Amino acid sequence: MGEPRWILGELSSPLHQSTMMLLRTLASLCVLAAAAFAVPAQEKRIHHQADLSDHAHDDSDGFQYDHEAFLGKEEAKTFDQLTPEESKDKLAKIVERIDMDKDGYISHAELHYWIKHRQRRYIEENVNKHWKDYDKNQDGKIGWEEYKNTTYGYYLDEEFDDLDNKATYKSMLTRDERRFKRADRDADGIATREEFTAFLHPEEYDHMKDVVVQETVEDIDKNGDGKIDLAEYIGDMYTSEDAGGEPDWVQTEKKHFSEFRDANKDGHLDADEVAHWILPGEVDHTDNEAKHLIYETDTDKDQKITKEEILANWNMFVGSQATNYGEDLTKRHDEL
């Protein structure tokens, strides 16, 4: 198995920066034991867009998918403990927050933004966790110098005399600075919270995707020609340490490289081919869910929904004690 790769968005976190060398050392000791369990590249490198819920999207079998899409998984659980009246009251307040232009309507754009925001809470929590570590002067922004000194200050100091590790940290510093500058859209050397989020989680932002591709190429490209050949591609996930021969999935990956990844058949993956590999175009689940909720709720078919329309269909958006077991108690009462 090749050297472990660090998940984008975690590479620059303080915990990972300070422990990376230790982890690499431990990883080298585990190579033989782990070789048989190497992770195929398509699972390790590709940035799939996560679905909005683990539940099947089948409204005939309940609205749990919609609840988790609209609220986020954890918040959906809290609504399941409320009475229907409490759920509707809280939903009404949420609708007011979604209506950003305060025109009394929820547009597709507003609903899309809300759902996207709820699904990105784990990223925001990660950023919040580290924000105070870097914002030393507590001005609500993080300058490059603040980040650099906090993360690399000790390792770049003259007293840190491990030359090999110092060179590694200087290389990491150069890479982080390039990523920081790309995230810093107004080029003022200072990151707002949104810019810092793009720095830590570049795979979430369109304007950062070339950085994701560039860093991936640099990780895998061992001969420094700016491209990835077959040996480098396979070497990223598997190194033959077992006399028993290659696992079947390695042969499959070689076939994928030649038949699918290497689109121009020149024996290498260039930046465009790497982008198609690790950043595949996929279904926009958030867009589909916003369209679905509007379609099901928009009684006058004007392509936008009001608070009244939403509350009339409240159990599609949120759950309650009544819907916690998959069906509305009112419906059960009618059946009795």
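An unreviewed UniProt entry lists the protein chain under the name EF-hand domain-containing protein, from Gasterosteus aculeatus aculeatus. Per UniProt, the protein chain has the following entry under Sequence similarities (unreviewed entry): "Belongs to the CREC family." Among the UniProt annotations of the protein chain, the heading Subcellular location (unreviewed entry) holds the following wording: "Endoplasmic reticulum".

Engineer: So what's going on with the overall build of the protein chain? Residues and values would help.
Structural biologist: When its secondary structure is counted, the protein chain shows 19 helices and 4 strands. Across the 336 residues of the protein chain, 40% fall into the buried class. The contacts in the protein chain between residues at least 6 apart in sequence include a share of 62% that link residues at least 24 apart. Carbon and sulfur atoms form 51% of the exposed surface of the protein chain, whose accessible area is close to 18700 Å².

Engineer: Requested: an account of the packing of helix 7 (residues 108-119) against helix 16 (residues 285-297), with residues and values cited.
Structural biologist: At their nearest, the axes of helix 7 and helix 16 sit 9 Å apart, and the two run at 125° to each other. Our classification of the angle between helix 7 and helix 16 gives oblique. Of the two possible hands of crossing, helix 7 and helix 16 adopt the one that is right-handed. The segment helix 7 lies against helix 16, with His108, Leu111, His112, Ile115 and Lys116 engaging Thr286, Asp287, Glu289, Ala290, Lys291, Leu293 and Ile294. For the contact of helix 7 with helix 16, the per-class residue count stands at 5 nonpolar, 3 polar and 4 charged.

Engineer: Describe the confidence of the model for the protein chain, naming the residues involved and giving the relevant values.
Structural biologist: On average, residues of the protein chain score 82 in pLDDT, and 79% of them are at 70 or above. Scored below 50 in pLDDT, residues 1-42 makes 89 contacts in the model with residues more than four places away or belonging to other chains. Low confidence marks residues 326-336, where pLDDT is under 50. Its contacts with residues over four positions away, or in another chain, come to 7 contacts.

Engineer: Describe the UniProt feature "domain: EF-hand" (unreviewed entry) in the protein chain, with residues and values.
Structural biologist: Cross-referencing UniProt, the feature "domain: EF-hand" (unreviewed entry) maps to residues 86-121, 122-157, 171-206 and 208-243 in the present numbering. Split by type, residues 86-121 is 72% helix and 0% strand. Its first and last C-alpha atoms lie 23 Å apart. For residues 171-206, the helix share is 58%, the strand share is 6%, and the end-to-end C-alpha distance is 25 Å.

Thresholds applied
- Residues numbered from 1 in each chain as written.
- Predicted model: local features only at pLDDT ≥ 70, side-chain atom pairs only at ≥ 80, totals over all residues.
- Heavy atoms only, no water.
- UniProt positions renumbered as here; feature names shortened; annotations may be inferred.
- Helix = DSSP H or I, 4+ residues; strand = E, 2+ residues; numbered from the N terminus.
- Buried < 20%, exposed > 50% of the residue type's maximum accessible area, 1.4 Å probe, protein only.
- Contact = heavy atoms within 4.5 Å.
- Areas by Shrake-Rupley, 256 points an atom, 1.4 Å probe, with all protein chains shown as cover.
- Axes fitted to C-alpha atoms, helices over the stretch in contact; angles between N-to-C directions.
- Parallel < 35°, antiparallel > 145°, perpendicular 65-115°, else oblique.
- Left-handed = near helix turned anticlockwise from the far one by under 90°.
- Nonpolar A, V, L, I, M, F, W, Y, C, P; charged D, E, K, R; others polar.
- pLDDT = per-residue confidence, 0-100.

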